[in-house]
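Chain and residue survey
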Amino acid sequence: MALELGRRLGNLVGPARKRFFDDDFNWDTYTKDKYGPQQKQLDATHDLRLDERVYFDREAGRLETGDAKLHPNSKTLYEAIGILDVKSTLEVGCGGGDHVRNLQALYPEMQVNGGDRSQEQLKFLRMRNPEIADRTFLQDITMPLSLQWPRVELVYSQAVIMHIKTAVTHLNALANMFNLAAKYVVLMENYGCHPFVEDIKRLHRGGHLDWDQINFHVHHHDGNPYCLVVAREPCSLPVLEDYDALPNATKRRY
Ligand SMILES: C[S@@+](CC[C@H](N)C(=O)[O-])C[C@H]1O[C@@H](n2cnc3c(N)ncnc32)[C@H](O)[C@@H]1O
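Calculation criteria
- Along each chain, residues carry numbers from 1 onward, in the same order as the chain's sequence is written.
- Since the coordinates come from a predicted model, pLDDT governs what is reported: local features require at least 70, and pairs of side-chain atoms require 80 or more to be given and counted, while whole-chain, interface and lining totals use all residues.
- Being near a molecule or strand means, for a residue, that its C-beta atom, positioned from the backbone, comes within 6 Å of it.
- For helices the rule is a DSSP run of H or I covering at least 4 residues; for strands it is a run of E covering at least 2, with both sets numbered from the N terminus onward.
- All amino acids are sorted into three groups, where Ala, Val, Leu, Ile, Met, Phe, Trp, Tyr, Cys and Pro are nonpolar, Asp, Glu, Lys and Arg are charged, and the leftover types, Gly among them, are polar.
- Burial in this document is a count-based property: other C-beta atoms within 10 Å of a residue's C-beta are tallied, and the residue is buried at 20 or more, exposed at 12 or fewer, or partly exposed in between, with C-beta positions derived from the backbone.
- On a range of 0 to 100, pLDDT expresses the predictor's confidence in each residue.
- Residue pairs are scored as contacts if the distance between their C-beta atoms, which are placed from the backbone, is within 7 Å.
- Pairing between two strands requires that DSSP report at least two bridges joining them.
- Between the N-to-C directions of two axes lies an angle of 0 to 180 degrees, each axis being a line fitted to C-alpha atoms and, for a helix, fitted only over the stretch in contact.
- Convention used here: angles under 35 degrees read as roughly parallel, angles over 145 as roughly antiparallel, angles from 65 to 115 as roughly perpendicular, and any remaining angle as oblique.
- Throughout, a crossing is termed right-handed when the near helix is turned clockwise from the far one, and left-handed when it is turned anticlockwise from it by less than a right angle.

1. A look at the site of the ligand
Taken together, 22 residues form the shell around the ligand, and within it Gly 93, Gly 95, Arg 117, Ser 118 and Ile 141 come nearest. Mapped by element, the contributors of at least two residues to the shell around the ligand are helix H5 (98-106) and strand E4 (111-116). Of the residues belonging to the shell around the ligand, the class tally is eight nonpolar, ten polar and four charged.

Below, the structure written as structure tokens:
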């Protein structure tokens, strides 16, 4: 009896709680422990901040990269956003701000925005990408929808929702992303971390999304489906045919 009680208490407050209820990282210490070192490593192997070698060819609907070494996630994300040709974007969990900065460089007319829940990440962003710092703000996307958050045409995330695993908070985050977006939600995530399409359909059926329709599309990298694009109206990108063809979708972690 005492042992069982101890075990149950352990589940609530001990290390087991982390396993069952917490996100992948402690976002308060994340910059120092994980993100900073990881950016340093990636900086050595990739061009994380773009220069004039990289541009979007509107006629071809293609991101030209020259000899720049872009991470496939970045290339696919920036190209999809170019094809969708939107006037405004919001990055959820913008971290050090490279994507916000790169989109502003690629698409100077676009109104870019970035939110992150971590003050430390935003401090890092102000040092790394000061030119877009005034377009960024503190935002916990798992909180109830705020009237102060910007409404934009396209909301995207890159490697954020996949790490949010506390109870149903990733569902709150997804619902908020849709309710802030007039036209598109783009998820550049590990598709094995949550059943993203099923979750979005469930949110839509339950009336959590202020969208009358949802249309699932993909953008390809190297001929394969790589990035999930959800559109209010059907768009020019290929329709999603098989969720399991997206990266890591079959390596289920939920
Ligand atoms: C893996 S990093 C990715 C950062 C950036 N998207 C990139 O690709 O460089 C995850 C980011 O999500 C942020 N984040 C985690 N949970 C969040 C939440 N609930 N609301 C907003 N941002 C969050 C973290 O602070 C961190 O900056």
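Further notes follow.
2. Overview of the environment of Glu 59
You can see Glu 59 is positioned in the loop between strand E1 (55-57) and strand E2 (62-64). According to the C-beta neighbour criterion, Glu 59 is exposed, with 5 such atoms within 10 Å. Counting along the chain gives 83 residues from Glu 59 to Thr 142, while the straight-line C-alpha distance between them is 38 Å.

3. A word on the confidence of the model for the protein
When pLDDT is averaged along the protein, the result is 93, and 92% of the positions lie at 70 or above. Across residues 14-20 the pLDDT falls below 50, and counting only partners more than four positions away or on other chains, this stretch makes six contacts in the model.

4. Describing the pairing of strand E6 (residues 152-158)
Of all seven residues making up E6, six are buried, and the element is well covered by its neighbours. Sheet analysis places strand E3 (residues 88-92) next to E6, joined by four bridges and oriented parallel. If you follow Val 92 over to E6, its bridge partner there is Ser 157. Sheet topology note: the E6/strand E7 (residues 181-188) ladder contains six bridges and is parallel. By the bridge assignment for E7, Ser 157 is matched with Leu 187.

5. Side note on the sheet that holds E3
Spatially, E5-E4-E3-E6-E7-E9-E8 is the arrangement adopted by the seven strands of the open sheet, whose pairing is mixed. What marks the edges here is a single partner per strand, and that holds for strand E5 (136-138) and strand E8 (215-221). Taking each pair of neighbouring strands and ignoring which way they run, the sheet shows an average axis angle of 25°. Of the pairings in the sheet, the one linking E7 to strand E9 (residues 224-231) comprises four bridges and is antiparallel in character. For Val 185, the partnering residue across the bridge sits in E9 and is Val 230.

6. Brief notes about the packing of helix H3 (residues 30-45) against helix H6 (residues 119-128)
The N-to-C vectors of H3 and H6 enclose an angle of 45°; their axes lie 10 Å apart at closest approach. In terms of orientation, H3 and H6 fall into the oblique class. Helix-helix and strand crossings are classified by hand; for H3 and H6 the assignment is right-handed. Contact residues: Thr 31, Tyr 35 and Gly 36 in H3; Glu 120, Gln 121 and Phe 124 in H6. Taken together, the residues of the contact of H3 with H6 sort by class into two nonpolar, three polar and one charged.

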